[in-house]
Amino acid sequence: MLSVHGRRPAAVVIEPVARKLLSWGLTPNMVTAGSTAAAVAAAVGLIPTGHHAAAAILMGLIVCTDMVDGTMARLRGGGTRFGATLDASCDRIADGALFGAIALDFALHRPGESVLLALTLIILVASQVTSYVKARAEASGIKVVGGLIERPERLIIGLVSLGLSGFGVPYILAAGLWILCLGSVYTVAERLVIVGRSDIAGEGIAAPEGAREFQRGSRIQEGR
């Protein structure tokens, strides 16, 4: 939801930063790769060692560059197909590092919290599937816009609950994980429903490379 409605208000802050980075000779792809490497380092280095508040604050600052690189590309006259692919791939890596590090923290230091570990793993998988459904649908020409828990909501809820737990607020991380788990699973189903209701959802597609083609409407007769 926020990815659709939050871009225009954020542009007041993002655009000056993007212009400054371009004036330093940086490219959007440099910012994408650099911010992802920093996010992974912060997640893996700080969360399993118990520095939850520091990890949340640092990663919050880093992920703000998620809109900066796209704005930089538009200021240069438009993005590229490679840049869009790199950006989407790096988003998945950063998200995986965040929730993978939380899961690792539970596994190493809180083995009794098996339910929260399971929730974190579900979030990790559902967040990747949420993005995959959109990418696969749009590759087939079906536009998928919005969703209950998209990346901005996932990061805000995850980082805020992680940070507050680092400051000693009880049960806040568990609450955040429950919200993200239920919301992420719902979003996967929501996006599949959007795709299924598309006007072109029932159109045929080509068989995968190397697969045998069969005539539509033909029946496979068993035992022949």
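All values reported here derive from a predicted model rather than from experimental measurement.

A word on the packing of helix α4 (residues 52-63) against helix α8 (residues 151-166)
Then, in step 1: Between α4 and α8, whose axes approach to 7 Å, the crossing angle comes to 150 degrees. Classified by the angle between their axes, α4 and α8 sit roughly antiparallel to one another. Between α4 and α8 lies a crossing whose hand is left-handed. Across the interface between the two elements, His 52, Ala 53, Ala 55, Ala 56, Met 59, Gly 60 and Val 63 of α4 pack against Leu 155, Leu 159, Leu 162, Gly 163, Ser 165 and Gly 166 of α8.

Thoughts on the environment of Thr 71
Then, in step 1: Mapped onto the secondary structure, Thr 71 falls in helix α5 (residues 65-75).
Then, in step 2: With relative accessibility at 9%, the residue Thr 71 sits in the buried group.
Then, in step 3: Through-space distance from the C-alpha of Thr 71 to that of Pro 28 is 8.4 Å; in sequence the pair is 43 residues apart.
Then, in step 4: Setting aside residues up to four positions removed in sequence, Thr 71 forms contacts with Ile 14, Glu 15 and Ala 18.

Some points on the UniProt feature "binding site: Mg(2+) 2" (unreviewed entry) in the chain
Then, in step 1: Here the UniProt-annotated "binding site: Mg(2+) 2" (unreviewed entry) positions come out as Asp 66, Asp 87 and Asp 91. Taken together, the annotated residues stretch across 26 residues yet fold into one region, lying no more than 8.2 Å apart by C-alpha. Within the annotated group, the residues that form the lining of the largest cavity are Asp 66, Asp 87 and Asp 91.
Then, in step 2: Residue position: Asp 87 is located in helix α6 (residues 81-109).
Then, in step 3: Sequence-distant contacts of Asp 87, defined by excluding residues within four places in its chain, comprise Thr 32, Asp 66 and Asp 69.
Then, in step 4: In this structure, Asp 91 sits in helix α6.
Then, in step 5: By relative accessible area, which is 12% here, Asp 91 ends up buried.

Considering the UniProt feature "binding site: Mg(2+) 1" (unreviewed entry) in the chain
Then, in step 1: Sequence positions flagged by UniProt for "binding site: Mg(2+) 1" (unreviewed entry) are, in local numbering, Asp 66, Asp 69 and Asp 87. Annotated residues spanning 22 residues; largest pairwise C-alpha distance 8.4 Å, indicating a single compact cluster. Residues that both appear in the annotated list above and line the largest cavity are Asp 66, Asp 69 and Asp 87.
Then, in step 2: Within the secondary structure layout, Asp 69 lies in helix α5.

Some remarks on the packing of α6 against helix α7 (residues 114-139)
Then, in step 1: The contact between α6 and α7 brings their axes to 8 Å, and the two run at 170 degrees. Classified by the interaxial angle, the pair formed by α6 and α7 is roughly antiparallel. Contacts from Arg 92, Asp 95, Gly 96, Phe 99, Gly 100, Ile 102, Ala 103 and Phe 106 in α6 reach Leu 116, Leu 117, Thr 120, Leu 121, Ile 123, Leu 124, Gln 128 and Ser 131 in α7.
Then, in step 2: In terms of residue class, the contact of α6 with α7 is built from nine nonpolar, five polar and two charged.

Parameters at a glance
- Residues numbered from 1 in each chain as written.
- Predicted model: local features only at pLDDT ≥ 70, side-chain atom pairs only at ≥ 80, totals over all residues.
- Heavy atoms only, no water.
- Axes fitted to C-alpha atoms, helices over the stretch in contact; angles between N-to-C directions.
- Helix = DSSP H or I, 4+ residues; strand = E, 2+ residues; numbered from the N terminus.
- Parallel < 35°, antiparallel > 145°, perpendicular 65-115°, else oblique.
- Left-handed = near helix turned anticlockwise from the far one by under 90°.
- Contact = heavy atoms within 4.5 Å.
- Buried < 20%, exposed > 50% of the residue type's maximum accessible area, 1.4 Å probe, protein only.
- UniProt positions renumbered as here; feature names shortened; annotations may be inferred.
- 1 Å grid on protein atoms, 1.4 Å probe; cavity = no way out; pocket = protein on both sides within 12 Å on 5 of 7 lines; lining within 4 Å.
- Nonpolar A, V, L, I, M, F, W, Y, C, P; charged D, E, K, R; others polar.

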